[in-house]
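Structural features, examined
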Amino acid sequence: MRNLFSRTLQTTIIFLVAGGVMALALGGYFSSSSNVFTVSLVNLQSWFSSRFVAVQDFLTAPRDIASLRQRNADLEADNAELQAQVIQLQQQVGETQILAALVDFSRANPENTYRAAAVIGRDPSPFLHYVIINRGSNDGILRGMPVVTGQGLVGRVDAVIADAARVQLITDPASSVNVRLQNAETEASLVGSVTGDVTLDLIPQDIRIEIGDLTLTSGLGGGYPPDLIVGQVVNVRSRDFDLFQQATVQPVVDFNRLEIVLVIVNFKPVDISPLIPIP
Amino acid sequence: MRNLIALPVIILAVILQTAIVSRISLLSGMADLPLVMLAAWALQEEVETSWHWASATGLLVGFVSGLPWFAPILGYFVVVALAQILQRRVWQAPLLAMFSVTFVGTIIASLLSLTVLRLSGVPLPVSDVLGLLTLPSVLLNLLLAIPTYAVMRDLARWVYPFPEVE
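Now for a quick tour of the structure. (Residues numbered from 1 in each chain as written. Chains lettered and ligands numbered in written order. Predicted model: local features only at pLDDT ≥ 70, side-chain atom pairs only at ≥ 80, totals over all residues.)

Focus on the overall build of chain A
Looking only at helices and strands, chain A has two helices and twelve strands in total. In sequence order, chain A lays out its α and β elements as α-α-β-β-β-β-β-β-β-β-β-β-β-β. For chain A, the C-alpha radius of gyration of 42 Å lies well beyond 19 Å, the compact-globule estimate for 279 residues. Buried residues in chain A amount to 27% of all 279 residues. (Helix = DSSP H or I, 4+ residues; strand = E, 2+ residues; numbered from the N terminus. Rg over C-alpha atoms; globule rule 2.2 N^0.38 Å. Buried ≥ 20, exposed ≤ 12 C-beta atoms within 10 Å, placed from the backbone.)

Next up, the structure:
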């Protein structure tokens with residue numbers, strides 16, 4: 001009986017001491033020594049854990065590689081799709097910018113009625129500078145109508161079918177546009193060439209032309225409406241023995257990057273060819 | 001019946017020419033895909049419809065282009081005639097024949113267009129045309145010649161299959 005009492009007492013004391021130590025430890029009284037102990041435990045735990053994970057990875061690697069490859073393929077497919085979307089959106093942004101510029105132009109020139117058209121091709125012959133647009137007689141396009149962009153004059157409609165039209169650019173060698181020089185207050189004829197350069201011809205010798213002078217359509221001849229911007233003078237050639245001066249003009253429109261154009265559909269070109277005397 | 005493939009092929013060639021090839025220029029010259037296609041087609045030994053192809057292509061290009069309608073037809077007829085002459089003489093070296101037809105055909109077609117345009121009153125300086133337009137066009141057409149020849153050879157074998165020997 002005494003033996004049993006002493007064991008119970010011993011167990012109780014041990015529990016009390018252990019509880020007391022734990023209470024003191026939890027209370028932070030052994031912080032320095034318990035830190036060393038817990039750090040050692042954590043390090044040991046980490047060591048075992050890392051070894052176990054390594055072994056587990058080794059044993060389950062083939063399955064993971066397969067799943068990773070699948071995942072990689074899925075992500076690559078997603079990436080390709082997103083890249084395609086980005087390209088599509090970039091194109092849409094570009095088109096929107098062009099259309100916004102055209103809308104600005106039409107607001108700035110409310111006297112005209114415009115029909116927007118996309119450039120879908122170019123003339124198959126390198127001798128000619130024509131573009132093909134995706135609007136035709138079904139959209140009210142007629143031969144002779146002027147074509148512009150937000151920057152300025154592009155050319156005029158040369159031939160029309162139901163859903164497409166061919167536009168002669170002002171850079172075409174057969175093109176001739178009556179223009180006026182804004183600063184010099186004189187008129188001249190703007191002609192294209194096979195290389196795409198445009199030249200001002202028939203400028204009187206007594207007129208002073210400055211580089212940078214703005215060129216606008218004069219409206220003479222009835223082929224184009226007046227005051228459409230054509231370009232700027234970049235070079236002047238004046239020789240004493242010539243009847244007229246010549247000047248090279250830099251068009252304001254970039255004809256290599258034509259995408260969307262505006263056809264002025266309320267302009268009725270005047271055919272003055274019957275009035276021109278035949279020699 | 002397989003000869004009817006000519007129509008979609010010619011239409012496709014003209015669409016490719018106006019939509020893509022015409023936008024790729026070297027100086028002022030550009031390749032002429034229908035011309036190279038016709039040269040490659042006419043050089044195939046078994047082909048008997050070259051003139052039909054040239055007529056159809058010339059009419060279509062004449063319709064699309066601002067050139068007078070007969071100018072492309074004349075040019076393509078010259079190319080087919082050249083190809084048929086060379087095909088009988090240089091039959092052992094088809095690529096040499098292809099290059100020769102492309103080279104000479106491009107120059108003659110270019111000169112024909114130049115003549116027709118000058119006669120219709122378009123002021124075109126000959127030196128500019130030869131240096132900036134014709135020669136670059138010749139170079140671009142020569143670059144197109146080999147792939148086009150390969151495609152047209154396969155097409156010719158499909159349209160005119162070899163008779164089976166029993």
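Regarding the sheet that holds strand β7 (residues 186-191) of chain A
Residue and element names in this part refer to chain A. In space, the six strands of this closed barrel follow the order β6-β7-β8-β11-β10-β9, with antiparallel pairing throughout. Neighbour-to-neighbour, the strand axes of the sheet open up by a mean angle of 40 degrees, direction not taken into account. As paired elements, strand β10 (residues 229-237) and strand β11 (residues 244-251) share six bridges and run antiparallel to each other. Across the sheet, the residue bridging to Val233 is Val249, located in β11. (Pairing = 2+ DSSP bridges. Axes fitted to C-alpha atoms, helices over the stretch in contact; angles between N-to-C directions.)

What to know about the environment of A:Leu216
Summarising the element assignment, A:Leu216 is placed in strand β9 (residues 214-217). In this view, A:Leu216 contacts A:Val179, A:Arg180, A:Gln182, A:Asp227, A:Leu228, A:Ile229 and A:Val230; residues no more than four positions away in its chain are not counted. (Contact = placed C-beta atoms within 7 Å.)

What to know about the nonpolar core
Residues A:Leu190, A:Val261, B:Leu38, B:Ala39 and B:Val79 are the most contacted members of the largest nonpolar core, which totals 91 residues. Ignoring sequence-local partners within four residues, the contact set of B:Ala39 consists of B:Val79, B:Ala83, B:Met98, B:Val101, B:Thr102 and B:Gly105. (Core = buried A, V, L, I, M, F, W, Y, C linked by C-beta atoms within 7 Å.)

Looking at the packing of helix α5 (residues 94-119) of chain B against helix α6 (residues 126-159) of chain B
All names here are of chain B. Contact pair α5 / α6: the axes reach a minimum separation of 9 Å and the direction vectors enclose 145 degrees. Between α5 and α6 the crossing geometry is right-handed. Within the contact between the two elements, α5 uses Leu95, Met98, Phe99, Thr102, Phe103, Thr106, Ile107, Ser110 and Leu114 and α6 uses Val126, Val129, Leu133, Thr134, Ser137, Val138, Asn141, Leu142, Ala145, Ile146 and Tyr149. Taken together, the residues of the contact of α5 with α6 break down into 14 nonpolar, six polar and no charged. (Left-handed = near helix turned anticlockwise from the far one by under 90°. Nonpolar A, V, L, I, M, F, W, Y, C, P; charged D, E, K, R; others polar.)

Comments concerning unusual backbone geometry
Residues and elements named next belong to chain A. A positive phi angle, near 65 degrees, is found at Leu202, a position not held by glycine. Within the secondary structure layout, Leu202 lies in strand β8 (residues 198-204). Look at Asp227: it is not a glycine, yet its phi comes out positive at around 70 degrees. The partly exposed category is assigned to Asp227, around which 13 C-beta atoms lie within 10 Å.

Describing the packing of helix α3 (residues 50-64) of chain B against helix α4 (residues 70-89) of chain B
How two helices sit against one another is set out by the angle between their axes and by the gap between those axes. Residues and elements named next belong to chain B. Put simply, α3 and α4 touch, their axes get as near as 8 Å, and they point 155 degrees apart. By the angle class used here, α3 and α4 are roughly antiparallel. Regarding α3 and α4, the two cross each other, and that crossing is right-handed. Across the interface between the two elements, Ser50, Trp51, Ala54, Ser55, Thr57, Gly58, Leu59, Val61 and Gly62 of α3 pack against Phe70, Ala71, Pro72, Ile73, Tyr76, Phe77, Val80, Ala83 and Gln84 of α4. Its residues assigned to classes, the contact of α3 with α4 shows twelve nonpolar, six polar and no charged. (Parallel < 35°, antiparallel > 145°, perpendicular 65-115°, else oblique.)

A short note on the sheet that holds strand β3 (residues 146-148) of chain A
Residues and elements named next belong to chain A. The sheet built from six strands closes into a barrel, its strands ordered β1-β2-β5-β4-β3-β12 with antiparallel pairing. On average, adjacent strands in this sheet sit at an angle of 45 degrees to one another, irrespective of strand direction. Looking at chain direction, strand β1 (residues 114-122) and strand β12 (residues 260-264) are connected through five bridges and run antiparallel. Across the sheet, the residue bridging to Tyr114 is Ile264, located in β12.

Some points on the interface of chain A and chain B
Listed per partner, the contact involves 19 residues of chain A and 24 residues of chain B. Elements represented by at least two residues in the side of chain A that touches chain B include exactly β1, β2 (130-133) and β5 (165-169) of chain A. Sorting elements by how many residues they give to the side of chain A that touches chain B places β1(A) first, with three residues. For the side of chain A that touches chain B, the residue count by class is ten nonpolar, five polar and four charged.

Considering the environment of A:Gln97
Looking at the secondary structure, you find A:Gln97 in helix α2 (residues 31-108). When the C-alpha positions of A:Gln97 and A:Asn43 are compared, they lie 62 Å apart, and in sequence the two are 54 residues distant.

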